[in-house]
Structures are given as C-alpha cells and as structure tokens.
Amino acid sequence: MSTTSALPVVVIGAGPIGLAAAAQLLERGLEPLVLETGTGAGSSVREWGHVRLFSTWSEVVDPAAEKLLTPTGWIRPDGAGYPSGADWVESYLRPLADALGDRVRYGARVTGVSRAGRDRVVDADRAEQPFTVHITRSGGAEERITARAVLDASGTWSTPAPLGGDGLPALGERAAADRIAYRVPDLADPAVRARYAGRRTAVIGSGASAFTALAYLADLAEQVPGTHAVWILRRGLSGSTFGGGEADQLPARGALGLRAKAAVEAGHAGAVTGFRTAAVERDGERLVLVGEDGTRLEPVDEIIGLTGLRPDLSFVGELRLGLDERLQAPAALAPLIDPNVHSCGTVHPHGVKELSHPEAGVYLVGMKSYGRAPTFLAMTGYEQVRSIAASLAGDHESAERVELTLPETGVCGGAGLFDETEAATDGGGCCSAPATLRIGTVIPMRTASGGC
C-alpha cells in the first residue's frame, strides 16, 4: 500500500471547479482538502457578481456536488435560468462549501508546491515522495501540508493581461494605474458609476468581457449625457467581430455581441481598429493611448483593459510540468483548445490523460488548465475533475471514458490569436471573457433577460 494513500488530495481554490473537485473526490472515497486564499467560497466569482453568466443553471451545477447538496435540503435553481455571479455564489457555491465543512480552509494562500525533500532537479525516489504544499495564513503564519496529489484550481482571475500589444505592460501603464481598470465595471455601485458617468472611456479588448463593458457604458450613455466609449481593437471590424449573434447556441452569449453592436451603431461607442498599444501618456488629467506605429488617440478619462487573463505559475515552479510554450496549458491539451482553431464548442472532450504532467499526481484544472486560451466553460471543468477523481481512485476505465457535448457558437470556428481582419475573433475569444462563464451581463439600469 502506498505510503501516501492516507493523505488528503489538496485542491487549490474554492471556486466552482475546486469545490466540484472536492465533491467528486468525496464521491470516490478520497479525502479532499480545499485551500482558499479568500474569506469565503467563490471569492473571485464574488468580484464579478454583477455580471450574468451566459450558461444556464443546468450547465453550471456539478452532478457530484448536487448529490452532496441534496441531503442538506438544498433546492436546485430553475435549470433554464441564467444566474449572475452573485447568484452562483449564494445559491450554489456557498452551500456547497458549507456541505464540505472543515474540508475547506479559508485565508490559506498557497505559496509553493513541491515533492517532499525534492526540488525539481532531484530524481532519487521522487515518485515515492508525497507533495508538500506551503501556505501562508491570513494572519501571516506559515504552514506545510502533505498531500497524495494536488489539483490546482486557482484559476486566472488574479492575473489579467496588460494593455501592451507585445504582452508586456505598455510604457506608462503602471504609472496610470489609478485610471485603468481590468474588470467589467459594476455601474450599480454609485462610486463606480460616478467614475464613468459623463466621461470618455477606452475599452481595450474584443472578447465577451469587452462586449459587456460596451453594453454597460451604452446604457449609462442613454442616461448621462457625455458618456462615451472608445472601443480599441487590434484587428479590423468584420462580420464575426460581434460573435455568433442569433446563430450562437448559447443565446445569451450571442445576444451580448448584438448589444455591443447596437452600442456602436447608436453612436454610444466608437471603434479604433488595427491599434496595438505601446504607451499610456498623461495629458493633464486625461490619458492618451499611443500605438506601436506612433499613432496617438484622442485623450480619454478612463481605460478598461479586457485583453485576457493568464495563469499564475509562480507557486508551482518546483514541479515538473509539461506546458505548451504558447498557451501555458498542459502540452497534450493545448492543441485541443488552441484559440486559433477552436471555439468553446469545438474543444475535443478531455480528461486525466490530457491533463497529466511529467510530475505524476499534479493537475492544473479549470481555467488554470487552459492557460491563456479563453474558450473554457464550467461544464468542461466539471468533466475534468470527474475524470481525475476516477483516476486517483483507481477507476481508469471511467477516467478515460470522457463524454461531453458543448454548445458551439454557430459562427466562430476559431478564436483569437490572429490579427487579420478575416480572423474569427481576437484576444478575448468568441466564447469567453476573462473567466469563461462570467460573460453575460446584468444590466444595472434596465431589466435584463437571458444575460443581455
């Protein structure tokens, strides 16, 4: 019997995929331990609680989690409804974490993961050693936890991509941080509303997060004169710029693109195409975006950068990971999710095989597994952790039997690393925003239906 079999499986992150992983592990008779930096379940989701998912409740509840919740008296929300981030937390994630009890630890930031007594160079008896997970508690105390396996479901929310067209912060971007946001604004918050009302705002990015921000600002423009958005794209406008529209099999996602198109056509937003940001300069109290070719745009009051998210790999640096050199996703998974080729619905079903690394027993799951690819959906993550839990329990037949049907966009067949006008979409991808399922929209000033 393995000397590590009695140890828990550490899950990093108490978001939708991390909590689903814990439920799947419990169902397999394995003991999970979920480590969460924040003070509650779904801490990152809470930060975009004002945004509506463009997937329905039926697609964002994990089957094993539902089995764990049902005996507690939990009532599943209407499967046809579209939850906001706040709904997802309060009606699902928080009750699920409560059902898991002390298997979830809050205020526990993971600062490093390695093999016990082995850095990444050492081969001797490596596979026989358990994992050691270093954490820092909210009060500053440090601790080590020993684990039989590690599932990193920490996501990518904490590491938004910078404005620079070369993938690095634009010159002056850090100095202008007080006027730059990297999130979809919550205009129901009076302080946030005041920041954008009657002002000129540059929205950089072309994924669904950008669509959401444009829709919000368009609503605000109808109420507050002088409010205007400038949409900055690295490529040209084309028929696919606004996503799948009515052909999208996720109706809320398609409707969101149509709302962004309406904002442009109504004059609430202008578009600047073929622009790659090189610098952000001060012009008195305003900001000027400077392109790589020296083009200077008209001054703006605020900038919203929605150019994608990245995985934080700093705390797994002592593990032997096999990552794709472009996407920073597991090497076997990367070709299946390459946004040059795939949309959300054309991703091939995958599980433990594609998520494995040279370091056996460690897995990046959920948004973290997709690296820089924006095409992730929650149901994909649920299938990932089901397969991994089966493998860890020794049920290899079930682990390899991965079956998943995803909704296709209906138009978009690729996503976003191209710059050419004819490319399907850019940067943010056709199917997602910074955290794939969070790209619907709850309109703060108007009744919304279906995420638009």
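This structure is a prediction, so every number in the text was calculated from the model and none was measured.

A.B. asks: I'd like a rundown of the overall build of the protein, residues and numbers included.
C.D. replies: Along the protein, the regular secondary structure elements total 11 helices and 15 strands. By residue count, 57% of the 452 residues in the protein fall in the buried class. Restricting to contacts in the protein with at least 6 residues of sequence separation, those with at least 24 account for 71%.

A.B. asks: Tell me about the sheet that holds strand β7 (residues 149-152), and name the residues and values.
C.D. replies: What the 5 strands build is an open sheet, ordered β3-β2-β1-β7-β15; its pairing is parallel. Each edge of the open sheet carries a strand with a single partner, namely β3 (104-105) and β15 (362-364). Relative to strand β2 (residues 32-35), strand β1 (residues 9-12) is paired through 4 bridges, and the arrangement is parallel. Opposite Val9, over in β2, you have Pro32 as the bridge partner. Running over the sheet, helix α1 (residues 16-27) touches β1, β2, β3 and β7 and is turned about 170° from β2.

A.B. asks: Run through the pairing of strand β5 (residues 131-137), naming residues and quoting values.
C.D. replies: With 7 bridges joining them, strand β4 (residues 108-115) and β5 adopt antiparallel strand pairing. Paired with Ala108 across the bridge in β5 is Arg137. The pairing of β5 with strand β6 (residues 142-147) spans 6 bridges and is classified as antiparallel. Each bridged residue has a counterpart across the sheet, and for Thr136 the counterpart in β6 is Glu142. Linking β5 back to β6 in an antiparallel pair, the connection comprises 4 residues, with Gly140 at a positive phi of about 105°.

A.B. asks: Please give an account of the packing of α1 against helix α4 (residues 85-100) that cites residues and values.
C.D. replies: Closest axis-to-axis distance for the α1/α4 pair is 10 Å, and the angle between their directions is 40°. The orientation of α1 with respect to α4, classified from their angle, is oblique. The chirality of how α1 crosses α4 is left-handed. Here α1 contributes Pro16, Leu19, Ala20, Ala22 and Leu26 to the contact with α4, which in turn contributes Trp88, Leu93, Leu96, Ala97 and Leu100. Of the residues that constitute the contact of α1 with α4, the class distribution is 10 nonpolar, no polar and no charged.

A.B. asks: How would you sum up the sheet that holds strand β11 (residues 269-272)? Please name residues and give values.
C.D. replies: Within the open sheet, the 5 strands sit side by side as β8-β14-β9-β10-β11. Their pairing is parallel. In this open sheet, the two strands that pair with only one neighbour each are β8 (180-181) and β11. Across 4 bridges, the pairing between strand β10 (residues 228-232) and β11 is parallel. The residue of β11 that forms the bridge with Trp231 is Ala271.

A.B. asks: Account for the packing of aromatic side chains, with residues named and values stated.
C.D. replies: Within this structure, the stated rule accounts for 4 aromatic pairs. With a centroid separation of 6.3 Å and 50° between ring planes, the pair formed by Trp74 and Tyr92 is classed as tilted. Placement of the pair is Trp74 in the loop between α3 (63-69) and α4 and Tyr92 in helix α4, with a sequence separation of 18 residues. The pair formed by Trp74 and Tyr92 is uniform in burial state, with each residue classed as buried.

A.B. asks: So, the pairing of β7: which residues are in play, and what are the values?
C.D. replies: Here β7 shows no split at all, with Ala149 and Leu151 on one side and Val150 and Asp152 on the other all buried. Of the strand pairs in this sheet, β1 and β7 are connected by 4 bridges, and their pairing is parallel. Note that in β7 the partner of Val11 across the bridge is Leu151.

A.B. asks: Tell me about the nonpolar core, and please be specific about residues and values.
C.D. replies: In this structure, Leu19, Trp88, Tyr92, Leu151, Tyr363, Ile388 and Leu392 are the most contacted members of the largest nonpolar core, which totals 77 residues. If near-sequence neighbours (up to four positions away) are discounted, Leu392 is found in contact with Val9, Leu25, Leu30, Arg148, Ala149, Leu151 and Tyr363. By size, the runner-up hydrophobic cluster in this structure holds 18 residues, among which are Val110, Ile135, Val316 and Leu319.

A.B. asks: Can you lay out the environment of Ser398 for me, pointing to particular residues and giving the numbers?
C.D. replies: The residue Ser398 is located in helix α11 (residues 396-400) in this model. Look at Ser398 and you get buried, because its relative accessible area is 6%. For the pair Ser398 and Ile388, spaced 10 residues apart in the sequence, the C-alpha separation amounts to 9.6 Å.

A.B. asks: Describe the confidence of the model for the protein, with residues and values.
C.D. replies: A residue-level look at the protein finds 83% of positions with pLDDT of 70 or above and a mean pLDDT of 85. A low-confidence stretch, residues 409-452 stays under pLDDT 50, and its non-local contacts, those more than four residues away or across chains, total 177 contacts.

Analysis parameters
Residues numbered from 1 in each chain as written. Predicted model: local features only at pLDDT ≥ 70, side-chain atom pairs only at ≥ 80, totals over all residues. Heavy atoms only, no water. Helix = DSSP H or I, 4+ residues; strand = E, 2+ residues; numbered from the N terminus. Buried < 20%, exposed > 50% of the residue type's maximum accessible area, 1.4 Å probe, protein only. Contact = heavy atoms within 4.5 Å. Pairing = 2+ DSSP bridges. Axes fitted to C-alpha atoms, helices over the stretch in contact; angles between N-to-C directions. Parallel < 35°, antiparallel > 145°, perpendicular 65-115°, else oblique. Left-handed = near helix turned anticlockwise from the far one by under 90°. Nonpolar A, V, L, I, M, F, W, Y, C, P; charged D, E, K, R; others polar. Phe/Tyr/Trp six-rings, centres within 6.5 Å; stacked < 30°, edge-to-face > 60°. Core = buried A, V, L, I, M, F, W, Y, C linked by side-chain atoms within 4.5 Å. pLDDT = per-residue confidence, 0-100.

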